[in-house]
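Observations on chain architecture
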Amino acid sequence: MTRTDGTRGSALRRPLLSLAATAAVLAVWQASGALGWIGPNLLPTPTEVLTTAAELAETGYRQVPLWEHVAVSLARAMAAFLAAIATGVPLGLVMGVSPTASALLDPFVQFLRPLPKLALIPLVIVWFGIGEFSKFFLIYLATFLSVVAGAAAAVASVGRDRLRAAEVLGVNRWQMFRHVLLPSTLPDLFTSVRLAIGIGWTTLIAAEMVAATSGLGWMVVNAGAYLRTDVVLLGIVLLGLFGYLLDLAVVGLRKRVVPWMGRE
């Protein structure tokens, strides 16, 4: 077998293993409910969740169509993600190249970043009320802080020898940034953005606790209050699915923008 054939075999083997593992978990989950090992109120089976999904797709949840819950959550999250990336990446790069900026800003970033966003809900309501901006701000803040920290760390990881070699060649500051610093940091930047989007997506439920009437996070919280575990599980599955699709989108974009990643 040639090396190319081996690479293709490995590429096919991974998705097959993933599908097999998923199918095995779903089979055990279905069997545990069908055999009565776990009550339906505690853990509805996959078929019950699918039935609930079909019902909600037809009738909606709390007078709101299921597609609208999905669309509202995605719109809130994507607006916050784009704003966080647009502002967090430049600030993180500045902190990475400027010790002064890092000394001034890093204490605040590191203090706020691990802070549970649930703790900020009362303040956010006082500051911004209960409108859409409050929800946007919570998701934005969680994503922004992670992006800033990741971008600053990406600059710090650039090899000093590479920068010295560029200086010897006589590049100016803009050329240093455009042709050396930015390409060197892009792989780590994409990794940081990928992790930050994951953190921001998990903040969605907290954000949609602020007087929301729609959205997947709100649907999960509301259904839990009425012990609708089938709806809760459906919401969890949809949150996980769309979070996974967002991650795949970032990975796909990274492969197009940073094709050299992993080949150095």
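Just so it is clear, the structure is predicted and the values come from calculations on it, not from any experiment. (Residues numbered from 1 in each chain as written. Predicted model: local features only at pLDDT ≥ 70, side-chain atom pairs only at ≥ 80, totals over all residues. Heavy atoms only, no water.)

Turning next to the nonpolar core. Trp201 and Met219 are the most contacted members of the largest nonpolar core, which totals 61 residues. Mapped onto this core, the elements with two or more residues apiece are helix H2 (46-59), helix H3 (66-97), helix H5 (121-128), helix H6 (132-156), helix H8 (173-202), helix H9 (204-207), helix H10 (216-225) and helix H11 (229-257). Here this core gets 14 residues from one element, more than from any other, and that element is H6. Apart from residues lying up to four places away in sequence, tryptophan 201 is in contact with Ser73, Leu74, Ala77, Phe81, Leu239, Phe242, Gly243 and Leu246. (Core = buried A, V, L, I, M, F, W, Y, C linked by side-chain atoms within 4.5 Å. Buried < 20%, exposed > 50% of the residue type's maximum accessible area, 1.4 Å probe, protein only. Helix = DSSP H or I, 4+ residues; strand = E, 2+ residues; numbered from the N terminus. Contact = heavy atoms within 4.5 Å.)

For the rest of this paragraph, the subject is helix H4 (residues 99-112). With 14 residues, H4 extends 20 Å between its outermost C-alpha atoms, agreeing within 8% with the 20 Å of an ideal straight helix rising 1.5 Å per residue. Residue leucine 105 marks the point of greatest curvature in H4, where the axis turns by about 45°; the proline proline 107 follows within four residues. (Expected span 1.5 Å × (residues − 1). Bend = angle between axes of the 7 residues up to and from the residue.)

Another point: the packing of H6 against H8. It is at 8 Å that the axes of H6 and H8 come closest, and there the two elements cross at 155°. In terms of orientation, H6 lies roughly antiparallel with respect to H8. Crossing angle aside, the handedness with which H6 passes H8 is right-handed. Across the interface between the two elements, Ile139, Ala142, Thr143, Ser146, Val147, Gly150, Ala151, Ala154 and Val155 from H6 touch Leu181, Thr185, Asp188, Leu189, Ser192, Ala196, Ile197, Ile199 and Gly200 from H8. Taken together, the residues of the contact of H6 with H8 sort by class into 11 nonpolar, six polar and one charged. (Axes fitted to C-alpha atoms, helices over the stretch in contact; angles between N-to-C directions. Parallel < 35°, antiparallel > 145°, perpendicular 65-115°, else oblique. Left-handed = near helix turned anticlockwise from the far one by under 90°. Nonpolar A, V, L, I, M, F, W, Y, C, P; charged D, E, K, R; others polar.)

Its 25 residues place the ends of H6 36 Å apart at the C-alpha level, agreeing with the 36 Å of an ideal helix rising 1.5 Å per residue. Counting buried residues along H6, 20 of its 25 residues qualify, which places the element largely inside the surrounding structure.

This brings us to a nonpolar patch on the surface. A contiguous nonpolar patch, built from Leu123, Val126, Trp127, Phe128 and Phe133 and spanning about 530 Å² of accessible area, is present on the exposed surface. Sort the elements by how many residues they give to the nonpolar patch and H5 lands first, with four residues. (Patch = residues over 30% accessible without salt bridge, like charges linked within 9 Å, V, L, I, M, F, W, Y side chains within 5 Å. Areas by Shrake-Rupley, 256 points an atom, 1.4 Å probe, with all protein chains shown as cover. Salt bridge = Lys/Arg side-chain N within 4 Å of Asp/Glu carboxyl O.)

Another point: the side chain of arginine 76. Relative to the elements of secondary structure, arginine 76 occurs in helix H3. Side chain to side chain, arginine 76 and glutamate 208 meet in a polar contact 2.9 Å long. (Polar contact = N/O pair within 3.5 Å; in protein donor to acceptor, adjacent residues only side chain to side chain.)

With that out of the way, let us pick up the confidence of the model for the protein. When pLDDT is averaged along the protein, the result is 85, and 94% of the positions lie at 70 or above. Averaged pLDDT values for the elements of the protein fall to 71 in helix H7 (residues 160-168) and rise to 92 in H3. (pLDDT = per-residue confidence, 0-100.)

Moving on, we come to the environment of threonine 229. You can see threonine 229 is positioned in helix H11. Looking at threonine 229, the relative accessible area reads 22%, which means it is partly exposed. Apart from residues lying up to four places away in sequence, threonine 229 is in contact with Pro40, Asn41 and Pro44.

Take the environment of alanine 84 next. Here alanine 84 shows up in helix H3. The class of alanine 84 is buried, set by a relative accessible area of 0%. Placed 116 residues apart in sequence, alanine 84 and glycine 200 show a C-alpha to C-alpha distance of 9.7 Å. Filtering out sequence-adjacent residues up to four positions away, alanine 84 remains in contact with Val89, Tyr140, Thr143, Phe144 and Val147.

A word on unusual backbone geometry. Positive phi is not limited to glycine here, since arginine 62 has a value of about 55°. Take arginine 62: its relative accessible area is 38%, and that puts it in the partly exposed class. Positioned with a positive phi, leucine 227 is a non-glycine residue whose angle comes to about 60°. Structurally, leucine 227 can be placed in the loop between H10 and H11.

What follows covers the pattern of salt bridges. Enumeration according to the criterion identifies four salt bridges in this entry. A salt bridge links glutamate 132 to arginine 76, with the shortest nitrogen-to-oxygen separation between them at 2.8 Å. Placement of the pair is glutamate 132 in helix H6 and arginine 76 in helix H3, with a sequence separation of 56 residues. The exposure class of glutamate 132 is partly exposed, given its relative accessible area of 44%. For arginine 228, the salt bridge identified is with aspartate 230, shortest N-O distance 3.1 Å. Residue arginine 228 is classed as partly exposed on the basis of its relative accessible area, which comes to 32%. A relative accessible area of 15% places aspartate 230 in the buried class.

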